[in-house]
Amino acid sequence: MITVHTQYQARFREITRIAGESFELAAPLVAELATAIANKYGPQMESLLIDRKTNELNASGTMYLDSKGRRIYMEDTLADGETIAFLVGIAGG
Amino acid sequence: MESRLLRVDLTTGEMRDELLPHALFERWIGGSGVNNWIMWEHFLTHDIDCDPRGPDNIFVFGVGPLAGTGAGSGVKGRITFKSPCYGIFGDSAAGGKFPYMVRFAGYDHIAITGKAPAPVYLYICDGNAVICDARHLWGKNSAETHEMLRHELGDYPSAAHTLTIGLAGENQAGIASVVSDASRIHARGGGGAVLGSKNLKAIAVQGSGGIKIHNPPGLLKWSDGFRQKIDSNEAIYGFKRRGTLGAVEMYQHIGGHFWRNNQGCLFRGEEVRSDNWVKKYHKYSEVCSADCFIACDGRYKIDGTESEKSKKYAGETFRRPEYLTTASAAGALDVRDWSEVAHWGKVTNDYGIDNQDLSCAISFVMELKQKNLISAHDVAELFGKQQRLEWGNMEDIEALLRNVSLRDNLFGQLFHDGPYWGALRYSEMKGQNFMKYAIYGKGGAAFTEEMRPFPTWMNNMAVASRGADHLKGIGLIEKFQRRDLSKRYFNGRTEAADLSIPDLKGASTALLENQVALINSYGVCLFHWMLDPAGFAPEEYYGPAYANITGISRTPQELMQNGERICNLEKAFNSRLGLRREHDTICERWMHEPTTEGMYPGKVAADMFETVLDEYYEWRGWDKTTGLQTQSKLTELGMGDVAEVLAADGALARA
């Protein structure tokens, strides 16, 4: 088991109603984390987080970064204690 | 494709209609592409080295074929001219209702030359145009002018929609903007100064006509699919509430802001870096144009109870500032109270001035003061009195905004063309080199984001046709580290999404510039593509809509070539003005001073800059040594006529 911390912004925070939390994962995979979050918060979160056509993290308007600022993908592994930020992917104006 | 151009010569008062040929759209798509060609042709018979504030400059307004048809969501109008502040190619976009109202009034493009003997406005109503006395409007700000014109023209056959200039435009401040319907701004490049120099205070339109569609059932089907695609995107709901301000928290997380003249990359104010403003100030979301399905726009209202400083603005209501307006105040100038940030957006709009250039000019002198590089005597010399030049002091900042708009003291006279020219003039005047504190790319002010960790963005800043620019290239493959997009466009390669290497960054700039040129020529908002660059790829997704409207069918490859052609014409314009590789550069701070905070500390552009620039020229098919276009590339794009002009001017690469 590993522990992974999450930080939520914008739409992610609106759905979860919290700024962040921790998950205990049996497998150290991003896919495992995404499934855990989607299961916990239901279809709105699942639609925001996972593209069911490709089973990848949904990339339209969203971004997911590890603590070093690298974007994560479903197939990536996670280190124990890692923090993943769930952000909007928008700029400009 | 049926399209009409209205030509106006303000010197003689002569106006005439032209039917634009179908072939023009096959070559240039519409919108910004056609605007560029109209300007290019103008400068084949007029001196391209003319004073941008003189009667020989041209001001072109244009709107693309998709605008106002329900195809795509959100409309963009575009103004194109030789830039008075940068002296090169200039253009700028804005949304709202004015652009499609021009179409309902019978035109897609308006080209204005000459200079009126006294202040006038251009009034267009259902295919008729007249030049009207505007002396009663002169001296009014952009919002007042809009309201007066609306009152004057009445509501028949439609409410009047306007483009206006404020005091900055009247005084020909180089960074003066053109304001659409009092609240949406064509900010970049100094279009307001061009109109001011022509004594043209406003353009007002009223229209009740329609837009001819080649295949209405096909377009309706496409539009329905578009709406469903937008509605099924869960992320959209966040954007309805925050618009581009959703980026504030994200940039605070990664270190993407532009703080105190880019000395840092994080906001300091507790309130402005959080999401709390949404609860306190946001009143409702709204659409900027009738056919937008997102409604990323919104209104704020300041009650005066939100903070001590908010009392001063009690009752003020306006458009919610976009991210970059917020960043120019909360970041560049370190304003920490959100009511003041919002007010900054309103007041720069009222004066009609680009808050990106302006904040970079003000933060430049603030940094000089902060570092004791200028004395109390120097400050008094610049401002005609002592000036605190305190970071975040909105009272002082607003005074400086007025100085630049009115050019009423030495600071305003030196810096009305933005930070680059201001710093250059001030350095020359004082005999001391202050250029390391000016933040710019190709002479254009930075857009107020931290860009040093992002090599594609740094390349964008150097090569963009209108100077440092976030809306020509948009380095989103890299910024959002989209491996999927990198694979899609670069034969399965992922390097374009990797921030740590230079590979495919120049290629990304070229690709994204072509795509943006295409969207700008369709006349739709960039927002959908930025939200979902794979789902709304301009060369694929919008192609059928363009065909349904215009009858011009294009493959994705052909559309990408249209985009490339449009970029090449902008480049050719600048080449005629003498720009070469050495002008495709960025400021010293970006190049050599490392970032000190955020997720990507220690980054400087110099590590990858030249490698990326070389790759950009290679992917463009241009000459790496000079940066000039080649005969072979222009021939490939069907631009032999442009190559001939460049060759005659000595602005074509030698074979």
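What counts as what
Residues numbered from 1 in each chain as written. Chains lettered and ligands numbered in written order. Predicted model: local features only at pLDDT ≥ 70, side-chain atom pairs only at ≥ 80, totals over all residues. Heavy atoms only, no water. 1 Å grid on protein atoms, 1.4 Å probe; cavity = no way out; pocket = protein on both sides within 12 Å on 5 of 7 lines; lining within 4 Å. Points joined across faces, edges and corners; volume = space filled by probe spheres on them. Helix = DSSP H or I, 4+ residues; strand = E, 2+ residues; numbered from the N terminus. Nonpolar A, V, L, I, M, F, W, Y, C, P; charged D, E, K, R; others polar. Domains from an automatic or database assignment. Core = buried A, V, L, I, M, F, W, Y, C linked by side-chain atoms within 4.5 Å. Buried < 20%, exposed > 50% of the residue type's maximum accessible area, 1.4 Å probe, protein only. Contact = heavy atoms within 4.5 Å. Buried area = accessible area lost by both parts, 1.4 Å probe. Salt bridge = Lys/Arg side-chain N within 4 Å of Asp/Glu carboxyl O. Polar contact = N/O pair within 3.5 Å; in protein donor to acceptor, adjacent residues only side chain to side chain.

## Some details on the layout of surface pockets
Step number 1: Roughly 780 Å³ of volume is contained in the largest pocket.
Step number 2: Considering the residues around the largest pocket, the lining is formed by 27 residues, among which Asp51, Thr54, Asn58, Ala59 and Ser60 of chain A are closest to the centre.
Step number 3: Counting only elements with at least two residues in the lining of the largest pocket, the list comes to β3 (50-51) and β4 (56-57) of chain A together with α20 (483-489) of chain B.
Step number 4: Ranked by residue count, the leading element in the lining of the largest pocket is α20 of chain B, at 3 residues.
Step number 5: Residues that form the lining of the largest pocket fall into these classes: 8 nonpolar, 7 polar and 12 charged.
Step number 6: Counting residues domain by domain, the lining of the largest pocket receives three or more from each of domain 2 (222-444) and domain 3 (445-648) of chain B.

## A look at the nonpolar core
Generally speaking, soluble globular proteins have nonpolar side chains that are buried together.
Step number 1: With 208 residues, the main nonpolar core has Leu49 of chain A together with Trp529 of chain B as its most contacted residues.
Step number 2: If one sorts the elements of this core by residue count, helix α21 (residues 505-522) of chain B sits on top with 9 residues.
Step number 3: If we ignore the near neighbours within four places in the chain, the residues touching leucine 49 of chain A are Phe12, Ala34, Ile37, Ala38, Glu56, Leu57, Asn58, Tyr64 and Phe86 of chain A.
Step number 4: In this structure, Ile79, Phe98, Ile124 and Leu163 of chain B belong to the second largest nonpolar core, which totals 30 residues.

## Regarding the domain arrangement of chain B
Residues and elements named next belong to chain B.
Step number 1: As far as domains go, chain B holds domain 1 (3-206), domain 2 (222-444) and domain 3 (445-648).
Step number 2: Just the C-alpha atoms count here: the centres of domain 2 and domain 3 sit 26 Å apart.
Step number 3: Across the contact, 47 residues belong to domain 2 and 44 residues belong to domain 3.
Step number 4: Around 3,500 Å² of area is buried between domain 2 and domain 3 when both sides are counted, 62% of it from carbon and sulfur atoms.
Step number 5: Joining domain 2 to domain 3, the criterion identifies 3 salt bridges.
Step number 6: In this structure, aspartate 584 engages lysine 442 in a salt bridge whose closest nitrogen and oxygen atoms are separated by 3.0 Å.
Step number 7: On inspection of domain 2 and its partner domain 3, the count reaches 24 residue pairs in polar contact (both at pLDDT 80 or more).
Step number 8: Where the side of domain 2 that touches domain 3 is concerned, the elements lending two or more residues are α7 (216-231), α8 (236-242), α9 (247-254), α11 (323-332), α13 (355-370) and β16 (440-441).
Step number 9: Across the side of domain 2 that touches domain 3, the residue classes tally to 23 nonpolar, 17 polar and 7 charged.

## Structural notes on the interface of chain B and chain A
Step number 1: Taken together, the contacts link 34 residues of chain B with 33 residues of chain A.
Step number 2: When the buried area of chain B at its contact with chain A is split by residue, Glu234, Phe480 and Arg483 of chain B rank highest and sum to 21% of it.
Step number 3: At the junction of chain B and chain A, the tally comes to 4 salt bridges.
Step number 4: Between arginine 483 of chain B and glutamate 75 of chain A there is a salt bridge whose closest N-O contact spans 3.7 Å.
Step number 5: On the surface where chain B and chain A come into contact, there are 15 residue pairs in polar contact (both at pLDDT 80 or more).
Step number 6: At the level of secondary structure, the elements contributing two or more residues to the side of chain B that touches chain A comprise α8, α9, α11 and α22 (527-531) of chain B.
Step number 7: With 6 residues, α9 of chain B is the single largest residue contributor to the side of chain B that touches chain A.
Step number 8: Across the side of chain B that touches chain A, the residue classes tally to 15 nonpolar, 8 polar and 11 charged.

## Here's the deal with the pattern of salt bridges
All names here are of chain B.
Step number 1: Applying the stated criterion across every chain, the model contains 56 salt bridges over all chains.
Step number 2: Residues aspartate 133 and arginine 135 are paired through a salt bridge, measuring 2.6 Å at the closest nitrogen-oxygen approach.
Step number 3: With a relative accessible area of 56%, arginine 135 lands in the exposed category.
Step number 4: The residue glutamate 610 makes a salt bridge to arginine 581 at a minimum N-O spacing of 2.6 Å. Of this pair, glutamate 610 sits in helix α26 (residues 609-620) while arginine 581 is found in the loop between α24 (556-576) and α25 (588-592), placing the two residues 29 residues apart along the sequence.
Step number 5: Residue glutamate 610 is classed as partly exposed on the basis of its relative accessible area, which comes to 42%.
Step number 6: Each of the salt bridges in this network shares a partner with another, and the network as a whole consists of Arg78, Asp91, Arg466, Asp469, Lys472 and Glu570.

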